[in-house]
Structures are given as C-alpha cells and as structure tokens.
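Remarks on the overall topology
Next come the chains, spelled out residue by residue.
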Protein chains: 2
Amino acid sequence: MSVKYTYPFGKGVFGTPGLTGDKIPEVLGNKGGRVAVMCNYNLPVPPGFTISTKVCDHYYAHDRTYPAELSAQVAEGLTVVEGLAGKQFGDPDHPLLVSVRSGARASMPGMMDTVLNVGLNDSTVDVIGRLTNDFRFAYDCYRRLIEMYGSVVLNVEGFQDILKNFKEKRGLTLDTDLTADNWREIVASYKYRVIDQTGKPFPQDPHEQLWGAIGAVFGSWMNPRAVTYRRIHTIPDSWGTAVTVQAMVFGNMGDDCATGVAFTRNPSTGAKEFYGEFLVNAQGEDVVAGIRTPLRFEDLKILMPKAYDELITTMTWLENHFRHMQDVEFTIERGKLYILQTRNGKRTAHAAIKIAVDLVSEGLISTKEEALMRIDATSLDQLFHAIIDPAYKGKPWIKGLPASPGAVHGHIFLNAEDVIKRASKTKKVILVREETCPEDIGGMHAAQGILTARGGMTSHAAVVARGMGKPCVAGASGLHVDYEGRKISVGQDVVDEDGEITIDGHSGNTYRGKIPTIEPTLPPEYHKLMTWVDGIRRLKVRANAETPADARKAREMGAEGIGLCRTEHMFFGDPNDPDNDRIVAIREMIMAESEAERRAALDKLLPMQRADFTELFEIMHGLPVTIRLLDPPLHEFLPKTDEEFAKLSQKIGKSVDAIRARARALHETNPMLGLRGVRLSIAFPEIVEMQARAIFEAAYEAKFSIYGADTIKSPLLEIMIPLVGFKTEFDITEKVIRNIADDIISAMYNKYGIQVNYAVGTMIELPRACAVAGKIAESAEFFSFGTNDLTQTALGISRDDAGTFLGTYVEKGIMLADPFVSIDVDGVGKLVQMAVADGRHTKPDLKIGVCGEHGGDPDSIKFFHGVGLDYVSCSPFRVPIARLAAAQAAISERNGRTK
Amino acid sequence: MSVKYTYPFGKGVFGTPGLTGDKIPEVLGNKGGRVAVMCNYNLPVPPGFTISTKVCDHYYAHDRTYPAELSAQVAEGLTVVEGLAGKQFGDPDHPLLVSVRSGARASMPGMMDTVLNVGLNDSTVDVIGRLTNDFRFAYDCYRRLIEMYGSVVLNVEGFQDILKNFKEKRGLTLDTDLTADNWREIVASYKYRVIDQTGKPFPQDPHEQLWGAIGAVFGSWMNPRAVTYRRIHTIPDSWGTAVTVQAMVFGNMGDDCATGVAFTRNPSTGAKEFYGEFLVNAQGEDVVAGIRTPLRFEDLKILMPKAYDELITTMTWLENHFRHMQDVEFTIERGKLYILQTRNGKRTAHAAIKIAVDLVSEGLISTKEEALMRIDATSLDQLFHAIIDPAYKGKPWIKGLPASPGAVHGHIFLNAEDVIKRASKTKKVILVREETCPEDIGGMHAAQGILTARGGMTSHAAVVARGMGKPCVAGASGLHVDYEGRKISVGQDVVDEDGEITIDGHSGNTYRGKIPTIEPTLPPEYHKLMTWVDGIRRLKVRANAETPADARKAREMGAEGIGLCRTEHMFFGDPNDPDNDRIVAIREMIMAESEAERRAALDKLLPMQRADFTELFEIMHGLPVTIRLLDPPLHEFLPKTDEEFAKLSQKIGKSVDAIRARARALHETNPMLGLRGVRLSIAFPEIVEMQARAIFEAAYEAKFSIYGADTIKSPLLEIMIPLVGFKTEFDITEKVIRNIADDIISAMYNKYGIQVNYAVGTMIELPRACAVAGKIAESAEFFSFGTNDLTQTALGISRDDAGTFLGTYVEKGIMLADPFVSIDVDGVGKLVQMAVADGRHTKPDLKIGVCGEHGGDPDSIKFFHGVGLDYVSCSPFRVPIARLAAAQAAISERNGRTK
C-alpha cells in the first residue's frame, strides 16, 4: 500500500485512521487534528481533508515537489468532501467552495498563508450571489480570493492601491460603503492587474486554484517571518505544517444563519459559564471587525434554540474531551450548526488561575502539575498592576518597550525636581526623560510612571521602575523630549509640560490624555495556586531590594530573602528631602584628595548606611540578605548641572573649578569597563571598611531590636564583591571585610556572647570570572551570576547603546530575543554552565544564584533550573512569576520535556 | 646517614658530591652551583659553603624552622672554610669575614636579601683596620653590616636618616667625604638606634650574626617583591633559594690588590675579545659606583701580569665549560686572583646574535636550536630602532610606558596641525598629547615620535606608533599637557611648545633637551640567524599593515602576508594633504539621512579605496592579504572642533546644527560595546557593498599590472568580518560580499578567463564568539583572534580607561602582566582554546590566526603556538621578534619544556 498523505474528515468518516494521542497533531497539525477528532465523535464539522505534515517534509526534502501519490489522494479527499457537502467543486449549480489553511503542531498565529473561497470564478460567483441573495457579498468574496491568491500564490502586488484609488475617486471611505457593482468593478481591475503582472489571466479552473493554494501554504512554512517565529519559540523546522482543505459554510444566507465565537468559560474572570458573541446573517470576519455590535450569547438561545442547545452540548463535550477551556468558532447555516475550529482559549491571568484551580477540583485534570503548566507565568504581572480597560479601542500615540508593567495616566514633567514639586495626592505625575540616571531616583519615586525616549529593557529607567513596581515605557523612539521648550512631541504632535498622557507598561503603548484603566485584584484561587507552586519548585526565589518599602513588598510577594541589595542606591538618599545630605557626603568622599579626607567623608556616611542596614535586617529577619559592595563608577554620583556644581562647592568648601577638574579626571571612555566594582575596593579599601562596619554594626543592632540580647539566632548575611575577574581581587577585598567583621564580632561576643555568621561571595559577571570560576571558588563562599553585565561583556553590547541596533537584530532573527530580557543560552548560558561546573568542581556545595534581570524571566529561570542554580533573585513584583516559572521548570524536567 | 644540607667548596674540596647536570643549580642555586663547580676544577674561588634549597623547602614546610641536622652541618662547613682561609670566625688576630647571599635556580636580581661583612664586631673592626691599614674602610664596612643586618634581620628603620642628619650638620654631601672618625661616630649612632628599637645591643657574636643572616635570606624568598617577581616570570615558589656563605676577600689592601668585572666577549658588539674594567686597591662597589674611573682591561696585563694570565686562562675555561659568554667578578688580594662569581653575560641584541652564531661556528654549542634559545626575542627591537647612548648617565625627566621602541629627540608641539606645519627635513618634531585619536594620524606621521600623558600599551598612540615603527612613550602620568598655555610640565618644571625633549621608547623614559642617541645597524649574522629561525618555526608570521609604506616594510621584515588591513585607516587619507577629501567623503557618508544619500557618498569613496587596495595588492603579490571591513564606531570619524564642524558644513552643504545633532545622536555611553564592527554592516549593508567592490576590482587591477592578463595566478584575498557574535550576523554579511564578488568575478571570467579566489572569515573577539565558535565555523572559512577586544570584553576592562588601575593591579600581583601586552592565559587564553577546539571540531582544517597586539609578544606567541594557531600577525617592526619567538616556541615544545 502506498503512504497515506491525506486524511478526509466529516460526518461518518473516521478522520484519524492509524493515529492516536500526540500522533494526531503531529501528522495533522493542531487545527486539522481537532476537526478530525470532532468528526470521529460525530460533531457537526464542515467536511474536508487534511494533507499530512509528511507532505511538507517531502516537499522540502525534494526541491519543493510533492510525492507522486498525492495527486490521486487529494482527488479522493475532494470526492469525499463533495459527497458529504452535496456540492461539486466547480459545479455551475451547486459549487463547492473551500478554504485552504495551514496548521502546524504548535500555534503560529498569522505566520503562514491562508486562501479562502477557493473554487470561485467568473461563473460560480454569480451562483453564490443568487444562492445567498447577496451579490455584494459574492463579489466581495471573489475579490478577496483574487487578492489573497494573487498576492500569496502569484506574487502580484498593488491590489490595495487599486482599491484605495477606486474609493478616493468616488469619495468613499469604508469598505462597507461599496456596493455590489463597485465590487464587480474592483474584481475586473484586479483581474487586469493579474494579467498585467503575470502575463496570464486569473485561473478560472478551481483545481488549478486548489493546487496553487496548497503550494502557497507549504511554501509559507519557510517564509522568513515563520522561520524567525519558530526560532524565537524554539519550534523545530522539521515539524512542518499540514494543510487543511475544508468546505466553506456561510452564516450570511439569511436570518436563519449566524456566526460567532464562544468560550467554555469566561475568559476574563474564569467563571464556569458559557460566554461568547455572535451576529445573525453575518460572516465570521464581521464579528472581528466590530462594524456591527454582536449579540449576547444568551440571545442565541432565544433566536435559534436548537442550534444553541447543540452548541452547548458540543462545547461541554469539547472541554471534557480536551480537558482545557475551549475557544470555539461556529457558523449556523440555515439553522444548522457547524463547528469550524476549536482550540485552547486565551484568557487573562485571573481567568487562567481560577480555571486551573477549578479544573483540578472538578477532576477534569488530575494533577496540580498539569494545572500549573497551563498558566503563562509572565501573565501574573496582570495581578499586581492596573491594565488599560480592554473595552478601550483607541490607537496609541507612540509605542515603546513594555519596560515595567502597569497602566497609569498623569501629567508629564521633564525633570525630577519638577515631578517632586508637582506630584501630590490629588495630582498624578509622569516623569518623561530622554533617559534616566541615578540622580532621577527621587523623581521616579514621586512619579506614577516613567516614559523614556531611549534605552532598552534593562536601561536604568526599566530596571529601577521594575524594582519600584511602577509602570514604565522605555525607548519610545520617535519621541522627542525638548527640555528647553518644556514639551514632548511625536512628529508635529506636541504635549506640553503638565499635559496628560497614559502609559501602558504591559504593552509599551503610550496614549494622549487620560485613558480608562482597571485596578488590579487578586483572584481568591491565587494563594492556593501559589501553595502548589511552592511545593513543587526546587529553585529558591529571592528579591532585589534595598529600601524598606521594597523589602516589605518582597516578603509580601513571597521572596525567600534578598538576593541583591545595591548599596549604592542607598547613597542617593531620600529623594523627597531637599536637604538630602547623603549625596553630598558621597560627593565629598569622591572629591577627597587624600585617604584622610576620604575617611572623613566616609565617617559621615557610616551612620546613614548603618541605619539603612538595620532597618533592612529587621524587615528581613530570619532570611538571607545578600549585600553588594559599592559597584558603579564614581562619576555616576557627580553633579551634572551648573547649579549642582555650585551647591556642592558651597557645601564641601572646594572651588567649582576643582570639582569640575575632578569630574573630568573621573570621566571614562567606556565606564562600563572602567574603574568600578571590586576595582574601587582595591583602589579605596577604606570604602569597603566603612561598608563592612555599617553592615556588621547594623546586624547587631537589628538582632537586639528583634530578638533582644539573649538570642543566639543569627541574621543570614552574605556580602558580595562585584565584578571580580581574578581570585586575588577577591582575596584582597575579602581580607578587608573579614578584618572589620571579626573585630566587631569578637568584641560583641566578648560583651554579649552573641555570634553573627556571614559569608563572603562574589558576583560572576565577567567572562573571565566564568573561565576561572574554579579558582575563584577556592575563596568565594557563594556565587551570584550578574547576568546583565555578563551579557554586556560576553556579547560586547552596552545595554545603554544597544537601542540603535538591537531591535533590528531581533527582527532579522539574528538574536531570538532581547538578550537582556531572556538569557542568551548558547553564548552567555554556555559561560554560566562552565562557571557552575568549574565552581562546583572546586566546592561541590557552592551556593549559586543569579541576581540579574534574567532572574525574573520564565525562559531564563528554566535555564537556571536546568544548570542547577540554588536560587534566582528578581524585582519584588516579579517574585510570583519567578516562583511559578521555577515550578514549571521543575515539572518540565520531571516530564523530560525540553519545551 | 643524615640528609646532606650543606655543600662546602674551596681548593681541594669536591663541591658537588652526588650532584650532576641540572641537579647542581637545583640544589645549590645558580651562584652556589657555579662556585662549587669552579672549585671542582681547582679554579681560584674564596672558600665557602652553600646551604641547599632543600633547607628552604623544610623552612616553609615547618613554620620557618630548620632541620635538626643543619646546625652541625653549618659548623662543619665553617670549619672547612676557616681551614682553607687560614682565618677564624671571630678570631681577634685573623678574623674571618663572610658574605651571606641568596641564590635561586633562576636569576632574580635584587629581589632577595644579602648580608655582607658578617663576622665584624667592635673588636674585629679594628683588626681589619690594622690589616688593611685603612680604618675608614673598616668602619665603613662595619656600618654597612649594621645597616644591612639591622634592617634585614632586625627590622630596624631610620639608618639613612642618621647618616643624612650627620652629613647635614657637618656640611658634608658625599659618603666619600666622610673620614674614619666620622664612620666611627656613625657606627656608634647606628648601634644606639638598634638598642633603641629592639631593646638589645647589636649582636657581637659572629655566630649569632651568621644565623640571623641565614634566616633573613630564607625569609626573603617569600617577601612580596620576590613572590610577585616569580609570578610574573612563572618561577614556581617550590624551587626555593639556596644560601651561600663565602669568605670575603679584599681588593683594597694595597697596590697589589684590585677588583673588577670581565666578559669573555664584548657585550656591546659580541666580538670575541676579553673585555672588562678594574680598579687597583679598591672594593667591588667602587667599580659600580663610578667614583673613580676604572682602568682598561689591557692595563691589568701590565700591572699584574701573573694574575692577568690566570684570569684569562680561567675565563677561557669558564666559557668553554658553560658554553656561554661569561660575566665574571674577580678580586686580586695581595697579588692573588679570586673569582667571586661567574654567570652568563648580559649583552645587546647585536652581541647576542653575533655570539649565538659564533658559538655554533666555533662548535661550542652544537645546535642552532640551542643558539636561538639564547636570544631574548624582544631585544631584536634594538636592531631596528635608535637607542639612547649607553654612556649617557643623566636622569630622565619623567617616566611612561615603553609603548613603541626607539629613541629620538625633537621639538614638541601639542596638536597635529602644528606638527605637520613645523616638521621639516631639518626640524625634528615630537607630538605631545593628553592622548591621541584617529584624527591625529597626520601629525603622528609627520612627527619623529609621540609622547602621551594617558593611555596604556595598547592605547591608540601606542598601537599606531608601533605600526609606523615610530618611538612612542605613552601614559607618562604626572605629565601635564596644557593645550591653551601651549606647554607641558611635570610639577613646576615646564617645557614650552617648540622646546626640545628626547623620548626613549625602549625604556619609557623622557628627557629634557637633546640626549645623544645611537642609530641602528643590522649585525652581519642577522640574516643567517633568521634563516635558522624560519627553518624551525611552525607558526607563520604576518604583519598588520594598510599603507604602502607599511606593506613594504612588512615584506622587508619577513612577513608572510598581511594578517590585518584595517580599512578604516584608509579613510583618514593623506595626512599631509590639506585638501584631504577622504575624511570629508566619509563624514558625508555618516551624515547621510537616507540610503540614497549614503550611497552617493560611498560612490565617492569607492575609487579612493580601490586605488589603495590596488597598490597594496601589488606590493603583497603572491602573499595572503586579510582585509577587515569597517570596524570602529562612526563617531570616531566625526569632526571635533568648531572649525572642523564649520568646514564640514561648507563642504557637504548641511547646517552646522544638523551635523552637531547627528554627532550627538551617534554619541555612545560605551562606544567599545556599541554600534560598530559587523553591526555597522548589518545596519548599512551598502558600506559592505562598496568595500567588497573596491577589493575585487582592485584585485583584478593589481593582477593585470603585475602579471598581465594571461596569468592564472591569483591574489590570496581573505575578507574578514569584525565583531561577529552570532553566526547569522556572519551569514548576512557574507552574502552581501559574495553577491558583489561573484558578480565581478564572473564578469571578468567571461571577459578574460581569469579567476580570483577569496575566502570570507571572521574576527573572533567576543566571548560569545568563543562560546559558539563551532557554529560560526560552519560558515566562516577562517578565524582571526582579535585578542585586544577579546581581552577588553573577557576582563571587562576598557584599555582606554585601564590606566587608572592597571598599574596598581600589576604591582599588587593581581595580574601577572599587562593583559593587553601579554595574553592572559588563564582567562582570555581559555576562551581562545575553547574557540580553537570548537572551530576545528566543525572544520578540522580551519585556518586560525591572531591579529591583536599579542601577535608580537613572545610569551603570547608561545601560547598561540601551543594551542595550534596557523599564524600570528603583528606590527611590521615586530615581525622579526615574532619569527624568533615562534621558533623558540617550537624548540621549547620539542624539548618538552614549559618555560
């Protein structure tokens, strides 16, 4: 027997001969497989046949040709369809029209080509016009066939221009303004365009149309968009697509016809109720286009009770069978229900959580693990941040990157000071900057949201906003920020300072004016779900936090410690305090011309830093806190404006010229690769001494305040040295820390008999550190991967400058995703793996975590789970996402799946 | 029998019982071994004994204690020495004085401690005074003992202050101004200082002195300087030092005494002649101190013919025995010759080459390989560049880094334009800058040498100067360059513009005024030696060159091709041409606001670039030429001064504001990690198209001009894509190149039947590229490691900014050497190894080279040889160094040595 390439389906036809379980979507694709299964169970599906993915394999293995047997099998399939539909392909009286669609094992929405209305030609168009009593519709269908077929199969261009010119000449604006005669004229022009560009008339033979469409669908598997999409979603090219040829049915043949979509549960709330909308005497497209207002699903029961009952029965069956909330497309043609497609329904995070928990309680799915795998971890963001009201249909003003989730409106101000001045309980303010810098922290705190014109997903604005849990749209390129003119603009379109905008950090959209938003609530099932999550995951989840507010939020979100406390953030002080003396003290330290001067300035910083740590340790009691020593280049702390220079000069008693000279001396060509991290500690060990003293004195203060002096329970201190590349750098700095620590601890032990334990470890954030990790692990007690900087150095890409080319790189498929958002597994990941192996070779129980932005990204978390890290650390608001992603990684591993 | 720890030597004593070959220096150190061997052959050496390196092992393995047997063995050794010397240690009439010196297997000059005159005390000092009839000398010796012993053994400080105060009070300036009585007073003060600081008097017991000195020498093996030195020279700590205790002899007991140094060959020229100098009635120190003018060696024959004859016989024997030019220290005490020490002589590169070749011809050494291993590859620099006259004894004004070899004087100018204007055949000019940038190329060409205040060994100034073969001192920190005041200064010490200085790129010294220099010449033996070199090495050696002059120099220096042609250097144009339109054309290209504008500007650049390539290919005919596509960030080409902005505005017809805006838009926070390399090619493929067209059209032009149209011999073109991190980047750019190339080649083939072959490869200069090298090798036809950038990214260190901390890092031993000079084997080296293995796994015959600055560094070359690269490429002037280093690497490998 020859190989089976086509699988007919329809009433009374067993659609999946020789196929079971995962084999069904593998051979027939997801769409083709599900319609076949529905037919097996006698559900009302328009007949058709699916050409197997094996043909796709053959097509690409044999220079885009088909297997010899295919032609006969397609003819057989068509005969089955014609028999069931009672219509003939190309028949002058009862013409069968078919759709030709792609369908792969995985969903690839919009990536491949589809041709509808195949079988229409100059004569059948009028038959359809008569049968539907709607020539406008018939000619609209025909022009769509020519347009789709012409562009997809024949590579003819310019159809849209014809339509546009036609409408302009006649003063028409909407497609719905066109009459049947208008469309007839358009069809004529389209056909002329086809002859003009191909030298041949538009094919009138339905079989020629069918084969052309089949070839186009298979061909589209390898179109660049589809290839890129698969690379991003790691779908193998070898899977191939199936092609489903299906009889078309029409919901617009009269008032006993309808078309609609329906869900087995409420996709917004997850409530167990049928939900959907439909239009009487309409085509599927009309529902989507929003030209007519769809009716409520309940009304269908009244208008077409028989079809309604059959739909409800069918949907119930579908959910039970596929054990997942279903999203069904249906058409009612002359009172008869047809199910065109069923798939797992898209739903909000609220709905996803409720449905997952409910399906387990209802026994539809048997394990918590399966339930958890159904939820998109990233979507949990929606639970904690406002969203734009989904009912709002307006166009955004400008698009940027979705840098930090949440939707918010406010009055714009272009500098941090104004934001602080103008923001109040009654006045919401948005800080808009070209890009932000550490000095803007105060303004960012006071603002409701942040919008920047430059910078990527890990720009300063993005990182800080995520840390604060504040909406941020970053890198809105095309946005002009005019500081002097006190306004922002897109092209000619201006918003003056104090004008209102709305930003949506979920999508990256920015709108003019105040757009309705919906405030977040937690579904009651959330806590149950997170208990499951925590019972399954192996990775611990910590938060990156340094302020008391962040630390409290971190605990609330379920963080199991602080994985990164950036001590430099503490030096910027209270942003709302006009007499903020911290930044002055650190500037004085930087301006010092001798060690003695520097020590004097550090002495002023000590009590401030100690107080900060004390509060932090009190909040985090019982959990580990990883404190990173001063990391950024010193010039980040320097004044920038003339006013700031003058103020500093007055405060510290050095001339403006001297301060400027020092600022110039600190200038670096590539600050990312300059005097920072442990290099600062080597150059100015007195800074380390001050920080170590602040940490250990605070540890005792916090102990006393929490436990009193009689406890022996210890805070869990981890001191982290940044940017280590050489073991000796670590050793020298570690010694400075231990000298201070041991002095304080032994004094306290002598006095109170209380011990404080601590570990000294390092960030692994340089390729060299990965290469010599085994050596560094001889000294370091823990590793924490700083994957932001590791990505910058491994890829040689500055995240501050990547904006000019990173977008193009992702578009062209050079990178599968922004490597600052999702870890570059092949490159950076290989270095991480190398370092883990080498570090654990030296010290098998070495504690290893990650504290870069990737710690909150589900794909990256899966990778970190796989290479055996102990924990991830991320922004407080991403902790729930990380917890779920960690659980999913553990489940995937147990299931032996790679995706 | 107990372990043997001490080895006595002297007349009639067999000094090396149980030791042969390499075991001798291993156990006795280099110095101790050689005196023992001399004694074995009855040469006149003052008696002594050496304490074995095994004692050093024991000392450090057992908490700085000695083996139990040592005490008795030292006593035995001392008895042997006393017997041979006819003096007793501590004897009131014939006191034996000894020196206690360190001596490791490898030479570690000045790194460890030494104590002389051990055995002197309050009574023996007068005995020596009487015996030498020179109480001044005796008390000078005594105070030296107290000074050395006091500081080294007893950690007493402040001896120099005592001496300084003493002289100041009495208006004395030189030590030689002091009388015997003065020294006697000094001795008294010194002894008081010892009591004051240690609470005990200076030890009078010679045995206590001896053991104290032995302990200090062993202790000094682990002093930080010595540890760092060993790490830099990769000498294992485990080797340990020996301690040699030797009877002191005196060349200053009258006119029948003398002291001097002698060489078996002329250390400047290498001529086979005895060479040396001596002083009658003097101490060894006096020869070195230069207070008295030493006598010519020939005079010794007249004054002390018997001792002279014995010295000549001995030296001849020593050279024959050690098969190496010897540097001998001798003393004649009352007519009797003593050899104190013999070692392999330091010599100039000229001498080293002549001696190496001569020793082979004379049959003293049997293989060319052994001869080659005797030459310090780096010293070949001296053959091609002027040096400061060794007779000149003046102090430098300021010290910087020896960035490019050669000594030269000239008038200073602080900007490139002035240099170009003022330099002439009769007026030599030195360009002095804070640091240089690509725009200074013209001035650098016109200048005789370059001095910068900032930047390291791979700063722009250093790299370009080495490429030009011009002397350069870089990073002279402390030098203030005052552009506005038109002067440079060190502290208060000013040189105005047009004033003269001399720079020495061999040492990094800069002098005020015109200092005598010696012009380079090639020794006649050079070419013979290089024939040997080329017969032995496996690594090919290419040069980095883009100008015709550099390319010619490269061939002259023996380069086997161009390993790196930096096409961007061609865009700066002829620096001496005031109407240089290349920089204008490239600026126009950068300013373009559309692809069409950009293409128009590129069309202007095409003929210029084609002409450059044509000339280059003609010069390099028959050899491979690797051409790197445009690499640096575009803003490097932008105007900087107001004048330049105005000029460009006028030339290209865009407003100054528009140009400034574009320049601002191109500004990058970290340009090293920004839009450059292949990222430019992806963003602007039309630049690649222009460059590819220029290359291939030039290839045919060059072919015709060299061979005529009838040849089939092909230029060897290698086109190199910089900064590739992703295979797709390579693929996209390769396709652009091949489209152009194949068009041109097929047109020429159709017309003339002539083929041009080419390869497309990539720089490997990002850690990610190393991680995915196997993938990239699927497409790339060759790899060339860009170890400069790879070092920057792997270590996270910008070479432009490293100046502020790299020095400290090397000093503190965090890094063993400047990683931009000598490759960081553990870090960068590991990435290189990984990439080589992965690349060759994909493509076993993948051609791999290196074109970073490391390609000219002998230690790095050894590493590159070891990991199996095919070639190294370096500045033309370093080609001979690289050839020799490559040969030495091959020999070392064959000998199975690691060092």
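As shown above, the structure is provided for reference.
Residues numbered from 1 in each chain as written. Chains lettered and ligands numbered in written order. Predicted model: local features only at pLDDT ≥ 70, side-chain atom pairs only at ≥ 80, totals over all residues. Heavy atoms only, no water.

As for a nonpolar patch on the surface
All names here are of chain A.
- A contiguous nonpolar patch, built from Leu295, Ile302 and Leu303 and spanning about 290 Å² of accessible area, is present on the exposed surface.
- Along the chain, leucine 295 falls in strand β10 (residues 295-296).
- Overall, leucine 295 belongs to the partly exposed group, its relative accessible area being 30%. (Patch = residues over 30% accessible without salt bridge, like charges linked within 9 Å, V, L, I, M, F, W, Y side chains within 5 Å. Areas by Shrake-Rupley, 256 points an atom, 1.4 Å probe, with all protein chains shown as cover. Salt bridge = Lys/Arg side-chain N within 4 Å of Asp/Glu carboxyl O. Helix = DSSP H or I, 4+ residues; strand = E, 2+ residues; numbered from the N terminus. Buried < 20%, exposed > 50% of the residue type's maximum accessible area, 1.4 Å probe, protein only.)

As for the interface of chain A and chain B
- Each partner contributes to the interface: chain A provides 44 residues, whereas chain B provides 44 residues.
- Counting each side, the surface lost to burial between chain A and chain B is near 4,100 Å², with a carbon and sulfur contribution of 59%.
- At the boundary of chain A and chain B, one finds four salt bridges.
- Note that B:Asp838 is salt-bridged to A:Lys830, the shortest N-O span being 3.8 Å.
- Run the count over chain A and chain B and you get 22 residue pairs in polar contact (both at pLDDT 80 or more). (Contact = heavy atoms within 4.5 Å. Buried area = accessible area lost by both parts, 1.4 Å probe. Polar contact = N/O pair within 3.5 Å; in protein donor to acceptor, adjacent residues only side chain to side chain.)

Points about the pattern of salt bridges
Residue and element names in this part refer to chain A.
- According to the stated counting rule, one finds 124 salt bridges over all chains in the structure shown.
- A salt bridge links arginine 184 to aspartate 126, with the shortest nitrogen-to-oxygen separation between them at 3.9 Å. Pair noted here: arginine 184 is in helix α7 (residues 180-198) and aspartate 126 is in helix α4 (residues 124-132), with a separation of 58 residues, a long-range link.
- On the accessibility criterion, arginine 184 (34% relative accessible area) is partly exposed.
- The partner of arginine 542 in a salt bridge is glutamate 718, with the nearest N and O atoms 2.9 Å apart. With a gap of 176 residues between them, arginine 542 in strand β26 (residues 540-544) and glutamate 718 in strand β29 (residues 716-721) connect regions that are remote in the sequence.

Focus: the state of the cysteines
- Under the criterion given, the structure shown has zero disulfides over all chains.
- No disulfide involves B:Cys141; its sulfur sits 13 Å from the nearest other cysteine sulfur, which is in B:Cys257. (Disulfide = S-S within 2.5 Å.)

Side note on the environment of B:Gly866
Residues and elements named next belong to chain B.
- Along the chain, glycine 866 turns up in helix α34 (residues 858-866).
- Residue glycine 866 is classed as exposed on the basis of its relative accessible area of 56%.
- Between the C-alpha atom of glycine 866 and that of arginine 538, which follows or precedes it by 328 residues, the distance is 11 Å.

Description of the relation of the copies chain A and chain B
- The two copies are related by a screw motion: chain A maps onto chain B through a turn of 179° and a shift of 0.0 Å along the axis, at an RMSD of 0.2 Å. Such values leave the two copies arranged in the relation of a two-fold axis. Scanning chain A for the C-alpha nearest the rotation axis identifies A:Asn670, at a separation of 2.1 Å.
- A symmetric contact is evident, with 100% of the interface residues of chain A recurring at the interface of chain B. (Least-squares fit on C-alpha atoms with pLDDT ≥ 70 in both.)

Brief notes about the pairing of strand β20 (residues 479-482) of chain B
- A one-sided burial pattern is seen for β20(B), the buried positions being B:Leu479 and B:Val481 and the unburied ones B:His480 and B:Asp482.
- Between the antiparallel neighbours β20(B) and strand β21 (residues 487-490) of chain B lie four residues, among them B:Arg486 with a positive phi of about 55°. (Pairing = 2+ DSSP bridges.)

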